[in-house]
Amino acid sequence: MRTSRMRHAEISGAGFAGLTTAVALAQRGWSVRVHERGETLREEGAGIVLWQNSLKVLDALGVMDQLMAGSMTPPYYETRTQNIIASDEAFEGIRWRTMTRPFLHSVLLKAARAAGAEIIPGSEVASATEAGRVTLAGGSEFDANLVVGADGVGSNIRNSLGIEYQRERSRDGISRFLVGRRKSDLVAIEPETEWDNVIDFWNLEPRVLRVLYVPANDNELYLALMAPAADENGARVPIDLDLWTSVHPQLTPVLQEVARKPGKHYGYQTTRLSEWTRGRVALVGDSAHAMCPALAQGAGCAMVNAYTLAQIVSDAPDADLPDVLAEWERLERPYTDRAQSRSQHFADTRDMSKGGQFTGDVNETALYDPTDLHRHDAVRAD
Ligand code: FAD
Ligand code: 5PR
């Protein structure tokens, strides 16, 4: 129930960014309405990896038990180049989970509803003003204390406010599939590799055709097939089965299942905005910071920023909200900027094929704890 003292948020987009914002705000006493352009509330797409930074958010939202029940932590994250093991990473001290995207979406959707958020499918937001008014494609208008543009890389909210951005495209792209695990169909690979691992199969010579093999739960397997966008056969969906099995024969049974599926080859891109906030509007997720998938942190950063946004606005009086949003960007954005740059670097150089990439500053994003109230003490003191 909305009371006069309750602050109200209008959110555009029920993806991972919008739903995380909705849960975190509603749990802090906001009235929340989420507009989702799609006619149904579900997540397209295949699998996802979450690291400690976003798992801390899910802990704080109180959904970790549910998440654990439908996700897994593979024993190793292995990199193979031309079928020779380049590294085997167990991530001592860093939590990580693999799962399907529809599963993560269902966990967040349920939590948003339980927290009292109203979620409206088939509702497209056309524009927003810095004073906090959103206009739907059908013409209805709503006023809010806070407007959140969680409407993805093509963000209407961002574009209607005239926020400028640069976009960089990378040469490679990826097609993503969910198939059955079928572990017993896969021949043992040498030396002694378990099919429960994440295995990043890089093939660079004579042609760049990479398969990222990610077990998502007991029954489902996420496969990401990477090829340069300019390679017509490599990037084709449905896939060219003969081509992919000639390079990755040990994956034949799962590639046969992939070959029966429709899909789309996605180009990588990085977008950098002049600002993430304008007046009472904040952008979060791919609308603000689309990144290459190399670090598997696009959704992770989206969830972290959604959570810290909800936290900072809830702690501040309404009159200060525009300033508080600017402060949120000042404090949180540098971490995301660095994640974008590192991810783009790996995408541009294909250096992940060397293995051993998860060291030193590369792990900054994964190790970031958005629930630590002292995390910015040094920055604030500046
Ligand atoms: P989106 O998921 O795009 O959601 C936006 C939502 O808004 C959609 O539901 C859309 O229908 C809705 N919408 C759009 N416009 C409007 C409108 N005008 N009105 C109302 N609703 C609207 N990240 C990870 O953390 N780990 C990974 O392993 C990982 N793997 C990836 C692999 C690939 C190949 C790619 C391309 C990305 C990967 N990412 C990964 C990144 C991750 O998918 C995205 O960063 C994340 O999904 C962004 O979430 P979002 O909610 O900001 O945007
Ligand atoms: N990690 C993950 C992923 O899905 C991709 C990459 C890395 C989990 C691609 O989809 O390097 O592109 C990558």
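Residues numbered from 1 in each chain as written. Chains lettered and ligands numbered in written order. Predicted model: local features only at pLDDT ≥ 70, side-chain atom pairs only at ≥ 80, totals over all residues. Heavy atoms only, no water.

Moving on, we get to the site of ligand 2. Around ligand 2, the surrounding shell consists of Val-49, Ile-174, Arg-210, Leu-212, Tyr-222, Ala-224, Tyr-268, Pro-293, Ala-294, Ala-296 and Met-352. Arg-210 is positioned with one of its side-chain polar atoms (N or O) 3.0 Å from an oxygen atom of ligand 2. In this structure, Tyr-268 approaches ligand 2 through a side-chain N or O atom, which is 2.7 Å from an oxygen atom. In the complex, 94% of the free accessible area of ligand 2, which totals 320 Å², lies under the protein chains. At the level of elements, strand E14 (210-215) and strand E15 (220-228) are the ones that each hand at least two residues to the shell around ligand 2. Here the residues of the shell around ligand 2 sort into 10 nonpolar, no polar and 1 charged. (Near = heavy atom within 4 Å. Polar contact = N/O pair within 3.5 Å; in protein donor to acceptor, adjacent residues only side chain to side chain. Areas by Shrake-Rupley, 256 points an atom, 1.4 Å probe, with all protein chains shown as cover. Helix = DSSP H or I, 4+ residues; strand = E, 2+ residues; numbered from the N terminus. Nonpolar A, V, L, I, M, F, W, Y, C, P; charged D, E, K, R; others polar.)

So, about the pairing of E14. Across the 6 residues of E14, 6 count as buried, placing the element largely inside the fold. Pairing geometry for strand E13 (residues 198-202) and E14, over 3 bridges, is antiparallel. Across the sheet, residue Ile-199 finds its bridge partner in E14, namely Tyr-213. For E14 and E15, the ladder comprises 6 bridges, and the chain directions are antiparallel. Residue pairing for E15: Val-214 is matched across the bridge by Tyr-222. The antiparallel pairing of E14 with E15 creates a hairpin that spans 4 residues between the two strands. (Buried < 20%, exposed > 50% of the residue type's maximum accessible area, 1.4 Å probe, protein only. Pairing = 2+ DSSP bridges.)

This part covers the site of ligand 1. Residues in close proximity to ligand 1 total 29 residues, the closest being Glu-36, Arg-101, Val-125, Asp-286 and Ala-299. Between ligand 1 and the protein, one listed contact pairs an oxygen atom with a backbone N or O atom of Phe-16 at 3.2 Å. Note that an oxygen atom of ligand 1 is positioned 2.9 Å from one of the backbone N or O atoms of Ala-299. Protein chains shield 86% of the accessible area of ligand 1, which is 1,000 Å² for the free molecule. Looking at the shell around ligand 1, the elements that each hand over two or more residues are helix H1 (16-27), strand E2 (31-36), strand E3 (47-51), strand E12 (165-180) and helix H9 (298-315). In terms of residue count, H9 provides more of the shell around ligand 1 than any other element does, 3 residues in total. When grouped by side-chain class, the residues that make up the shell around ligand 1 number 11 nonpolar, 11 polar and 7 charged.

Here we take up the sheet that holds E12. Taking strand neighbours across the sheet as the criterion, the 7 strands line up as E5-E4-E13-E14-E15-E12-E16 in an open arrangement whose pairing is mixed. Because the sheet does not close on itself, it has two edges, and the strands there are strand E5 (84-89) and strand E16 (265-273). Across the sheet, the mean angle from the axis of one strand to that of its neighbour is 20°, orientation sign disregarded. In this fold helix H7 (residues 252-259) packs onto E12 and E15, with an angle of close to 110° to the strand it touches most, E12. Along the sheet, helix H10 (residues 321-349) makes contact with E12 and E16, crossing E16 at roughly 145°. (Axes fitted to C-alpha atoms, helices over the stretch in contact; angles between N-to-C directions. Contact = heavy atoms within 4.5 Å.)

What follows deals with H9. Along its 18 residues, H9 runs 26 Å from first to last C-alpha, staying within 8% of the 26 Å computed at 1.5 Å per residue. In terms of burial, H9 is largely enclosed, as 14 of its 18 residues are buried. (Expected span 1.5 Å × (residues − 1).)

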